[in-house]
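Given next are the chains, with one letter for each unit.
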Amino acid sequence: MGFPENFLWGGATAANQYEGGYLSGGKGLSTLDAITGGSKDHPRMITYRTKEGQIERVNRDASLPEGATGFVEADQYYPSHVATDFYHHWQEDIALFAEMGFKCFRMSISWARICPKGNEEVNEEGLVFYERIFDELLKYGIQPVVTINHFDIPMYLADHYDGWSDREVIDYFLFFCETIFKRYKGKVTHWMTFNEINFLRSWTQIGIHQNDPQTLWQARHHLFVASAKAVVLGHEIDPNNQIGMMIAYIPSYPMTANPEDVLAALQFNRQQETFIDVQVKGQYPAHLLKYFEREQIEIQQEAEDENWLKKGCVDYIGFSYYMSTAASANPEQVKYVGGNQQPAVKNPYLEESDWGWAVDPLGLRISLCQLYDRYQVPLFIVENGFGALDQVMAEGEIHDDYRIDYFQKHIQAMKDAVELDGVDLMGYTPWGCIDLVSAGTGEMKKRYGFIYVDLDDEGNGSLARSRKKSFHWYQQVIQSNGEDL
Ligand code: BG6
C-alpha cells in the first residue's frame, strides 16, 4: 500500500522563470525576454519594435502588428533577465534539493541557450551549462525531468518565421531535440515535449503575431506533429527515454444537475482533453473535426502527418493541477474567474487563494481518476502548489503553514487515488519548489517555494536562499514516502 518505492518526489521549475542569465554564455533572446513584470490587475506587456523602428507596448495576450519585431526596452523591468538566478546558484540550489531528499527535479532547457536563433547554430557553452547541472543532480541521485520547451520560443523564430504557424519551425525544433537527446543520453531519461500545450496561444509562448482560430490551430497542428516526431526520435536515440506530454488540467464541474450545465462542463473539459487525445491516442477527436468544419478552419497537413501522430504517442501524461472550476449553460453566470484561463463560474463550495485560484484537493483525486480511467497510461503530477504572500519574521523565519496545509491535503488526495482508485502515478513535483517569477503576473511576491529567495517585484534583493517551514515538512514527507503528512 502507499506510494511505490520508486515514486519520483521532487520539485518543478522552468528556465524563463528561474534561470536568468538571459544574455550570458552565448544565449540568444527568447520571446519571454521582451515581457515586463505585471500584477493581478496590471497585465504584463510585450515591448517590441515596429516596422518603422518605434518602440511600442502591448498586452501580452494581444496580437502584434505585422512586421513587429520583439525588442527589449532598457528602462523597463523584465523579470526573466535575472529571474531567481539559477544561472549562478545552481550548485547551492541543487544541494538544497538534495537536502530535502528530492528523487527528481523538473526543469526546462532554454531553446535559445542551445540554439541562440532557434536554427541550426549550436551554442556549446549552453550545452555545457546544462550538462554540469545534470551531472550535479545525478551526483546526489536526483533524476532530471526535462521539459524541452516551456512557454517560449527563440525570438529569431518569432520575428522571422511567425513562430509555430510556420511549418519550418518543426524541423528547427527537431534539430534542437536531436542535439539535446544525443548530448544528454544516459543522463536524462525523463522528458516532456511542450509545457501546458493547451495554454499555448500567444506571441510570447509560440511566436505567432495573430491568434485567430485558423492561425492558432495551424500552429497547434505543427506543435502536435513536432511533439510526435520528437517522441519517435527520442526513442530511437535512447530506448530508455520516457517521453511525456504536459497539459494544464483544470477539471470543470457542472454548476447544477441541469443537463444543460452537464453539457457545458463536458464541453469545457473537452477543450483540454483534445490535447491529450491527439498525443495519447494519436488522432484528432471527432468533436474537434466537427468544430473545424463549422468554423471553416482548414489545417494544412502533409500526407505523413497522420502517421506521425500515430507513431509518436507519448509514454505518459504529465499535468499541472492547481484548481478546478465550474460550468454553467447560463451565459449570465459565465465570466472570467481568477486564475482560470477560460470563461467559467465561481464555485461557491471552494475557497480561493489571494490570486483567485480555487483550492480543491479532492479535485486532484477526481482529475487523476478521470485521466487514468480514460487514457490508461502512467500519470505524472508535474506541477501543483499554492502561490501566496510570505512574511519573513524578524529572525528570518518563514512560517508558511498555509502552504503546508495545501500540500498536505493535495498529497492525501493523490494517495487516495493511488491506494483506493489504482491510479498509476509516477511522481509529484510541486511547482516553484524554490521561489521564482510568476508566469501569469511576472510578480515575485506570488511565491510557491519551500525555499525563499530574497528578491522583490522590482528586482531588488540579495537573491539569498533560505529554508521555509514547509522545507522541513516536505523533507519528512519524502523521507516517509508520503506516509508522514
Ligand atoms: C503553470 C505554468 O501554468 O502554472 C508555470 O506551467 C506557472 O510556468 C504556474 O508558473 C503557476 O502560474 P503563475 O502564474 O502563478 O506563475
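Small disclaimer: the values here were computed from a predicted structure and weren't measured. Counting starts from 1 at the beginning of each chain's written sequence and moves along it residue by residue. With pLDDT at 70 or above as the cut-off, local features in this predicted model cover only qualifying residues; side-chain atom pairs require 80 or more to be listed or tallied, and sums for whole chains, interfaces and linings still use all residues.

### Notes on the packing of helix H6 (residues 168-183) against helix H8 (residues 213-237)
As a rule, the C-alpha atoms of each element are fitted with a line to give its axis, helices using only the stretch in contact, and angles between N-to-C directions run from 0 to 180 degrees. Every helix listed is a DSSP run of H or I at least four residues long, and every strand listed is a run of E at least two residues long, numbered separately from the N terminus. Put simply, H6 and H8 touch, their axes get as near as 10 Å, and they point 25 degrees apart. With respect to H8, the axis of H6 lies roughly parallel. Relative to H8, H6 is oriented so that their crossing is right-handed. Contacts from Val169, Ile170, Phe173, Leu174, Cys177, Glu178, Phe181 and Lys182 in H6 reach His222, Val225, Ala226, Lys229, Ala230, Leu233, Gly234 and Ile237 in H8. For the contact of H6 with H8, a count of residues per class yields 11 nonpolar, 2 polar and 3 charged. These descriptions rest on fixed angle ranges, namely under 35 degrees for roughly parallel, over 145 for roughly antiparallel, 65 to 115 for roughly perpendicular, and the rest for oblique. Should the near helix be turned anticlockwise from the far one by less than a right angle, the crossing is termed left-handed; should it be turned clockwise, right-handed. By definition, residue pairs are in contact when their C-beta atoms, positioned from the backbone, come within 7 Å. In this classification, Asp, Glu, Lys and Arg are treated as charged, Ala, Val, Leu, Ile, Met, Phe, Trp, Tyr, Cys and Pro as nonpolar, and every other residue, Gly included, as polar.

### A few points about the pairing of strand S3 (residues 55-59)
Two strands pair under a simple rule: DSSP has to find at least two bridges between them. Strand direction decides the pairing type here: strand S2 (residues 45-49) and S3, joined by 5 bridges, are antiparallel. Residue isoleucine 46 lies in a different strand from S3, and its bridge partner there is valine 58. Hairpin connection, S2 to S3: the antiparallel pair is bridged by 5 residues, and glycine 53 has positive phi, about 90 degrees.

### What about the sheet that holds strand S4 (residues 69-70)?
Across the sheet, which stays open at both edges, the 3 strands sit in the order S3-S2-S4 with antiparallel pairing between neighbours. The strands lining the two open edges of the sheet, one partner per strand, are S3 and S4.

### Some words on the confidence of the model for the protein chain
Any segment with low pLDDT has predicted coordinates that should not be analysed in fine detail. Note: pLDDT gives the predictor's confidence per residue, expressed from 0 to 100. Summary statistics for the protein chain give a mean pLDDT of 95 and a share of 99% for residues scoring 70 or more. Taken over the whole predicted complex, pTM reads 0.97, whereas the ipTM for its chain interfaces reads 0.99.

### A look at the environment of glycine 442
One can find glycine 442 in the loop between strand S15 (425-428) and strand S16 (451-453). Here the alpha-carbon distance between glycine 442 and lysine 40, two residues 402 residues apart in the chain, equals 9.3 Å.

### A look at unusual backbone geometry
Negative phi values dominate among residues other than glycine, just as trans dominates among peptide bonds. Phi at aspartate 162 is positive, roughly 55 degrees, even though this residue is not glycine. With respect to the element layout, aspartate 162 can be found in the loop between helix H5 (155-161) and H6. The backbone of asparagine 481 shows a phi angle near 50 degrees, a positive value even though the residue is not glycine. Counting through the fold element by element, asparagine 481 comes out in the segment after helix H14 (469-479). Burial is judged by counting the other C-beta atoms within 10 Å of a residue's own C-beta: 20 or more makes it buried, 12 or fewer makes it exposed, and any count in between marks it as partly exposed, with every C-beta position built from the backbone. For asparagine 481, a count of 15 C-beta atoms within 10 Å gives the class partly exposed.

### Section: the sheet that holds strand S14 (residues 379-383)
Reading around the circumference, S1-S5-S6-S7-S8-S10-S14-S15 is the order of the 8 strands in this closed barrel, with parallel pairing throughout. The mean angle between the axes of side-by-side strands here comes to 30 degrees, regardless of whether they run parallel or antiparallel. In the sheet, strand S5 (residues 104-108) pairs with strand S6 (residues 143-149) via 5 bridges, with the strands oriented parallel. If you follow arginine 106 over to S6, its bridge partner there is valine 145.

### A word on the UniProt feature "active site" (unreviewed entry) in the protein chain
Sequence positions flagged by UniProt for "active site" (unreviewed entry) are, in local numbering, Glu383. By secondary structure assignment, the location of glutamate 383 is in strand S14. If sequence neighbours within four positions are ignored, glutamate 383 has contacts with Ala12, Ser320, Thr429 and Trp431. UniProt positions are given in the numbering used here, feature names are shortened, and annotations may be inferred rather than shown by experiment.

### Some remarks on the packing of helix H12 (residues 361-375) against helix H13 (residues 401-419)
Viewed as axis vectors pointing N to C, H12 and H13 meet at an angle of 30 degrees, and their least axial separation amounts to 8 Å. It follows that H12 is roughly parallel to H13 by the angle criterion. The way H12 lies across H13 gives a crossing that is right-handed. Across from Pro361, Leu362, Leu364, Arg365, Leu368 and Cys369 in H12, the residues of H13 making contact are Lys409, His410, Gln412, Ala413, Met414, Asp416 and Ala417. Its residues placed into classes, the contact of H12 with H13 shows 8 nonpolar, 2 polar and 3 charged.

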